[in-house]
Amino acid sequence: MSGERPSKFGESFSEWFSWIIREAEIYDYGRYPVKGMGVWMPYGFQIRRRVIEIIRRLLDETGHEEILLPLLIPETLFKKESEHVRGFEAEVFWVTRAGLNELDVKLVLRPTSETALSYMESMWIKGYRQLPKKYYQIVSMFRYETKMTKPMIRVREVTMFKEAHTAHETFSDAERQVMEAVDIYRRFFDELGIPYLISKRPQWDKFAGAVYTIAFDTLLPDGRAMQIGTVHHLGQTFSSVFEVRIQRRDESLDFVWQTSYGISERVIASIIAFHSDERGLILMPKIAPIQVVVVPIPGRDEETTRRVREFAREVAKMVSDAGFRVRVDDREDMRPVEKYFYWELKGVPIRIEVGPRELGSGKVVVFRRDKLEKRQVELGNLAEFLRELARDIENTLRERAWSWFRERIKLATSLEEALKLAKEGCIVEIPWCGDERCLQRVVDEAEGIDVIGIPLPTIESREPPKDGSRCVVCGAQARWWARIGRKC
């Protein structure tokens, strides 16, 4: 370990986050000689892989099929949909040369795949009997991020881009798919213990080419909102341009209706931000590369030490047989306390300590990383105890994260109060007249404050503002709510 440990909260969050991903050997950022690109280290890659396994399972269970599209998109294809191009033209990377030769057609490094997949679907999909079609891929995508880059949060190569694309016979079928996507993401984030709000983006902030966009947002410890997932109803924007035309069940011809939805490594960033502390990483057992570490405590003589190590291996075998990923740390060049700090930094959820006192006692000492608590456990009950403890750790982390998050969702009835709360690091809900020009005024006039979105009555069970409530911007009768805050 090297360097001091900055605070997790407030303006030092970025420093703390950089410290934890470096010292826990998750993600090496800033040393690769291309700005905005990081390297997943072996330990971090295992966490990433287990998170991907969860979203892959949820998609597979709901009838999605995994595909793999080319990384390069020809300019002729990319520029077919003008609104989409305008939304991305400042962010794309262009490939213009191959060896010594100028390319006849410039190529785009994939910023997203609506154009590429719609082109292929025009050849794959011909009739309503083939629908719905639900595809996804987990790939790298590239956007020339012009703001200050941040590891995992704001990068130029998104290395964990899960994008799903679906095709449907009617608008309402696509709308039902939007709701299924929202439900998939809710289950995904709930499983990982990441708290969120679900909001509809204002029209100026929707995905380029979409009819509308629904976003999942969370809140980082520095009080900045971060988008962690989006769902887009694309209408017929891309299918009409790329001639993805079908024969409907009434024998008429029409273009398919499409949706798309995506997540990125911001999911991993959220896991770290919510569940970790000043000691280091804290991982849910389900995504931890090592769920249990067994640390032998040497005795005063070589024979006792040998017996302790042998006992540690026996305990590890019991833990492994119970279905846990386990490691015995029998390094001789580190004291037990150094090993404790090392594995706490790495976020291993459970530690078992065995020393001379445990020999022949039929007990071991079990430490839980989330609460920093120890207790003695009978060997005969160890397997069941660990299973229950793993469940309790996950529930504790989930409840702790949601409790902190809910405390920072505030309601304000005046713009002055709303801006004050937003600048203090809250997401603020305000009464709103329904005119997006009022929300645009907030963005234009309140430096550093953005519109997070509009709560959806179809998703959130809530009442409109009371009669007599006024829009905090224009003073007209408030018809619904809007959310504002600082974005990362």
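Scope of this entry: the structure provided in the associated data block. This is a predicted model, so every value here is computed, not measured. (Residues numbered from 1 in each chain as written. Predicted model: local features only at pLDDT ≥ 70, side-chain atom pairs only at ≥ 80, totals over all residues. Heavy atoms only, no water.)

1. Comments concerning a nonpolar patch on the surface
Just so we agree on the cut-off: Residues forming no salt bridge and having over 30% relative accessible area are the ones grouped into patches, like charges within 9 Å of each other and nonpolar side chains (Val, Leu, Ile, Met, Phe, Trp, Tyr) within 5 Å. Methods summary: accessible areas were calculated by the Shrake-Rupley approach with a probe of 1.4 Å, and residue burial reflects only the protein chains presented. By definition, a salt bridge exists where a carboxyl oxygen of Asp or Glu is found within 4 Å of a side-chain nitrogen of Lys or Arg. Helical segments are the DSSP runs of H or I of at least four residues, strand segments are the runs of E of at least two, and each set is numbered from the N terminus.
Together, Tyr32, Val34 and Val39 make up an exposed nonpolar region whose accessible area comes to about 250 Å². Tracing the chain through its elements places valine 34 in the loop between β1 (27-29) and β2 (38-40).

2. Quick look at the packing of aromatic side chains
To keep it simple, the criterion reads: For this analysis, a ring pair means two rings from Phe, Tyr or Trp (six-membered ring only for Trp) whose centres lie within 6.5 Å, classed as stacked if their planes differ by under 30 degrees, edge-to-face if by over 60, and tilted for the remaining angles. Think of it in three bands: with a 1.4 Å probe and only protein chains considered, a residue is buried below 20% of the maximum accessible area for its type, exposed above 50%, and partly exposed in between. Only when the NZ atom of a Lys or the CZ atom of an Arg is both within 6 Å of the ring centre and within 35 degrees of the ring normal do we say a charge sits over the ring.
On inspection of all chains with the given rule, the structure shows 22 aromatic pairs. An angle of 85° between the planes, with centres 6.3 Å apart, marks the rings of phenylalanine 78 and tryptophan 94 as edge-to-face. Here tryptophan 94 lies in strand β5 (residues 94-98) and phenylalanine 78 lies in helix α3 (residues 75-78), a separation of 16 residues in the sequence. For phenylalanine 78, a relative accessible area of 1% gives the class buried. Under the relative-accessibility criterion, tryptophan 94 is labelled partly exposed at 31%. Summarising the aromatic geometry, the rings of phenylalanine 171 and tryptophan 257 are spaced 5.5 Å apart at their centres and angled 90° between planes, so their arrangement reads as edge-to-face. Note that phenylalanine 171 is positioned in helix α6 (residues 171-192) and tryptophan 257 in strand β14 (residues 257-263), a separation of 86 residues in sequence. Judged by its relative accessible area of 31%, phenylalanine 171 falls in the partly exposed class. Among the aromatic side chains, those forming a connected cluster through ring pairs are Tyr185, Phe188, Phe189, Tyr196, Phe216, Tyr261, Trp402 and Phe405. Against the face of tyrosine 342 rests arginine 331, its NZ or CZ located 4.6 Å from the ring centre.

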